[in-house]
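Architecture at a glance
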Amino acid sequence: MYAGNNGGLLEFDGAVWQQYPMPENQTVRAVATGRNGEVFCGGFAEFGFWQMNPGGRLSYTSLSSQVRAEHLEKEEIWHILPMPDYVLFQSFSTIYKYDYQKITVLQPPNSIMFAREVNGRVLLPVIGRGLFELLPDNVFRFV
C-alpha cells in the first residue's frame, strides 16, 4: 500500500512502514500505480515515479526535470490518472502527459478539476466552461 504525506512517499507491506523522501523533501500530494509496477508521485514543482531496484528498495526518477514549463516551479501536482498507454499528472492549470517515453505539456481551456476515465475516455471538468474530453491528439473537446 502506498500513501503520500509531508515526509514523502510511504510504503506499507502489511507489517512495516517505509518512508521515501522526494528529491527536495517535497510533500507528496498525489500517488498512483502504473502498468509496470511504478509508483507515480506528484507534489510541489515535482513529479515522477518510483521503481523497485535490485536491492528491494524504491528508486526515484524525476519526470518534471524533463519539462521546460516556466510555471511548473509554482505548481503542485494534485492528481495522477494512469491510463493504459500514458499517465496524466495534473495541476489546477496544466496537464503533463507522460507516454512512457516523453512528457507533453497540455493547456486546458481554463482552470481544471480532477480528470476521470469513463469508458476509456478522459473527461475533465473545466471551471466556468463545463465538461471537456481530452482526445487522443491532445485536443480538448467540449462535451
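The paragraphs below set out a description of the structure included in this document. (Residues numbered from 1 in each chain as written. Predicted model: local features only at pLDDT ≥ 70, side-chain atom pairs only at ≥ 80, totals over all residues. Heavy atoms only, no water.)

Let us look at the overall build of the protein. Helix and strand counts for the protein stand at zero helices and 15 strands. The globule rule puts the C-alpha radius of gyration for 143 residues at 15 Å, and the 15 Å found for the protein is close to it. Overall size of the protein, expressed as C-alpha extent along the three principal axes, is 45 × 30 × 25 Å. Among the 143 residues that make up the protein, the fraction classed as buried is 43%. (Helix = DSSP H or I, 4+ residues; strand = E, 2+ residues; numbered from the N terminus. Rg over C-alpha atoms; globule rule 2.2 N^0.38 Å. Buried < 20%, exposed > 50% of the residue type's maximum accessible area, 1.4 Å probe, protein only.)

Turning our attention to the pattern of salt bridges. Tallied over the entire structure, the rule returns four salt bridges. Salt-bridge contacts for Asp99 lead to Lys102; the nearest nitrogen and oxygen are separated by 3.0 Å. Residue classification places Asp99 among the partly exposed residues on the basis of a relative accessible area of 26%. Overall, the relative accessible area of 46% leaves Lys102 in the partly exposed class. Between Arg141 and Glu133 there is a salt bridge, with its nearest N and O atoms 2.5 Å apart. (Salt bridge = Lys/Arg side-chain N within 4 Å of Asp/Glu carboxyl O.)

Turning to unusual backbone geometry, a few remarks are in order. Positive phi outside glycine occurs at Tyr100, with the angle close to 70°. Within the element layout of this structure, Tyr100 appears in the loop between β10 (95-98) and β11 (103-106). With a relative accessible area of 16%, Tyr100 lands in the buried category.

In this structure, strand β1 (residues 2-5) lies alongside strand β2 (residues 8-12), joined through four bridges in antiparallel fashion. Among the inter-strand pairings, Ala3 is bridged to a residue of β2, identified as Leu10. Once β1 ends, the chain turns through two residues before running back antiparallel as β2. (Pairing = 2+ DSSP bridges.)

Another point: the nonpolar core. Counting 16 residues, the largest nonpolar core has Phe40, Phe47, Ile80, Phe89, Tyr96 and Tyr98 as the members making the most contacts within it. Setting aside anything within four residues of it in sequence, one finds Phe47 in contact with Cys41, Gly42, Tyr60, Ser62, Leu63, Ser64, Val67, Leu72, Ile77, Phe89, Tyr96 and Ile103. Within the second largest apolar cluster, 14 residues are counted, among which are Tyr86, Leu88, Leu124 and Val126. (Core = buried A, V, L, I, M, F, W, Y, C linked by side-chain atoms within 4.5 Å. Contact = heavy atoms within 4.5 Å.)

Moving on to the sheet that holds strand β4 (residues 28-33). Taking strand neighbours across the sheet as the criterion, the four strands line up as β4-β5-β6-β7 in an open arrangement whose pairing is antiparallel. Edge positions in the sheet fall to β4 and β7 (58-62), since each of these pairs with one other strand and no more. Put simply, the sheet's adjacent strands are angled 25° from each other on average, direction ignored. (Axes fitted to C-alpha atoms, helices over the stretch in contact; angles between N-to-C directions.)

Residue position: Glu75 is located in the loop between β7 and β8 (79-82). In this structure, the C-alpha to C-alpha distance between Glu75 and Pro108, residues 33 residues apart in sequence, is 15 Å. If near-sequence neighbours (up to four positions away) are discounted, Glu75 is found in contact with Gly43, Phe44, Ala45, Ser91, Ser93, Thr94 and Tyr96. One polar contact links Glu75 to Thr94, side chain to side chain, over a distance of 3.2 Å. (Polar contact = N/O pair within 3.5 Å; in protein donor to acceptor, adjacent residues only side chain to side chain.)

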